[in-house]
Amino acid sequence: MGDPIVCFSKNGVNFMKILFRHFLKLFIFMPCLMMLAGTLASDENHFRVESLPGVVKQGEVYLIRVLGPASVKPIYAEFRGARFPLDLSEPKGAHEGLIGIDMDTPPSTYEMKIAKKDQGRDVPLVQLSLKVEKTDFGKQILTLPSAMVDLDRKTLERVHQEEKRLNGLFHGFREERLWRGAFILPVEGELSGAFGFRRIINGQPRSPHTGIDLRAKEGTPVVASNSGIVVLVEAFFFSGKSVIIDHGQGFYSMYFHLSETLAEEGKKVEKGSLLGRVGSTGRATGPHLHWGIRMNGARVDPLSLLKIRTHPENLFQQ
Ligand SMILES: [Zn+2]
């Protein structure tokens with residue numbers, strides 16, 4: 001998988017400024033969000049897509065809102081072979097869900113399908129085209145001690161095993177939606193590493209940064225960004241002491257480089273539950289939290305998930 005995980009803790013920028021900038025962007029694009037992109041599929045099933053921008057960007061999360069008969073369910077959005085469930089939002093009768101665009105989705109125009117499950121069959125309701133635009137993630141040049149980069153055979157084997165385990169986890173799918181309402185920031189900290197950097201370490205191109213780094217003092221509490229089940233508590237070579245939560249419907253959040261873990265595998269956690277404390281375990285150059293999000297395997301920017309709570313008519317607002 002080549003997951004993240006060089007993290008660093010310098011050159012911090014004010015997190016609130018970043019969030020504010022995202023909010024402004026959303027405000028500007030709101031009229032676009034409200035433009036309808038769907039077409040009717042049949043006389044019986046009058047579905048239309050009410051909110052999904054016609055143009056989306058690599059590594060972002062978007063809200064889909066589909067209007068149609070409440071009696072037709074379950075429905076889902078299918079994008080590039082991955083299914084994103086849409087839940088019925090009472091009392092308005094809208095079906096809502098989130099879709100994640102993986103950071104490496106090639107920029108192009110794709111067909112997206114809204115469909116229902118009917119006696120084991122997939123029945124298309126709405127087809128729309130979705131244009132994915134390139135995100136300029138930027139580049140990061142790092143110099144690290146060679147022992148952290150040039151790994152011996154035994155360590156490489158360990159790293160491969162850990163990647164395999166993580167990949168297996170992220171492609172699991174729990175039908176039940178365990179998360180409720182807006183996602184929250186898991187730690188009070190400054191953004192010290194943005195999502196998606198293409199990294200050059202000691203002159204070699206390496207895997208991109210698939211989460212965000214939040215710099216905070218060693219020992220600062222780290223909490224669950226939303227409700228779910230703890231599916232991993234482990235010390236890994238790159239990510240150090242790590243916790244991963246399964247939020248259901250293919251949605252995972254990860255919390256890396258902790259100084260201590262205070263969560264238990266298999267246990268349910270609520271939004272805001274204490275998971276551990278900020279540290280610099282694994283490959284890290286200072287205390288910070290690496291926070292990552294996966295949606296059906298798609299690597300997405302956690303900040304784009306946070307901004308969804310600003311949508312005024314949002315099921316996930318509660
Ligand atoms: Zn990181």
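Residues numbered from 1 in each chain as written. Predicted model: local features only at pLDDT ≥ 70, side-chain atom pairs only at ≥ 80, totals over all residues.

### Focus: the pairing of strand 7 (residues 108-118)
We apply this condition: In this description, strands pair whenever DSSP reports at least two bridges between them. Secondary structure elements are taken from DSSP: a helix is a run of H or I of four residues or more, a strand is a run of E of two residues or more, and numbering for both begins at the N terminus.
Relative to strand 7, strand 4 (residues 75-79) is paired through four bridges, and the arrangement is antiparallel. Bridge pairing links I75 to K116 in strand 7. Hairpin geometry of strand 7 and strand 8 (residues 121-133) is characterised by an intervening segment of two residues between the two adjacent antiparallel strands and by a positive phi of about 50° at Q119.

### A word on the sheet that holds strand 8
As a reminder of what qualifies: Note on method: axes are straight lines fitted to C-alpha atoms, helices fitted across the in-contact stretch only, with angles between N-to-C directions ranging 0 to 180 degrees.
With respect to topology, eight strands assemble into an open sheet ordered 1-3-6-5-4-7-8-2, the strand pairing being mixed. Across the chains shown, the open sheet's two edge strands, defined by having one partner strand only, are strand 1 (48-51) and strand 2 (55-57). Each strand axis lies, on average, 35° off the axis of its neighbour in the sheet, ignoring direction. Bridge analysis of strand 2 against strand 8 gives three bridges, and the strand direction is parallel. Bridging across to strand 8, V55 finds its partner in K131.

### Points about the environment of E50
Selection criterion: Exposure classification rests on a simple neighbour count of other C-beta atoms within 10 Å of a residue's own: a residue reaching 20 or more is buried, one at 12 or fewer is exposed, and one in between is partly exposed. C-beta atoms are placed from the backbone.
Looking at where E50 falls in the secondary structure, it is placed in strand 1. Classification of E50 as buried rests on a count of 21 C-beta atoms within 10 Å. Distance from E50 to I64, taken between C-alpha atoms, is 7.5 Å for residues 14 residues apart in sequence.

### Let's talk about the sheet that holds strand 12 (residues 204-206)
Within a sheet, adjacent strands bond to each other through the backbone by hydrogen bonds, running parallel or antiparallel. In space, the three strands of this open sheet follow the order 9-11-12, with mixed pairing throughout. Bordering the open sheet on either side are strand 9 (139-142) and strand 12, each of which pairs with just one other strand. Pairwise comparison of adjacent strand axes, ignoring direction, gives a mean angle of 30° for this sheet.

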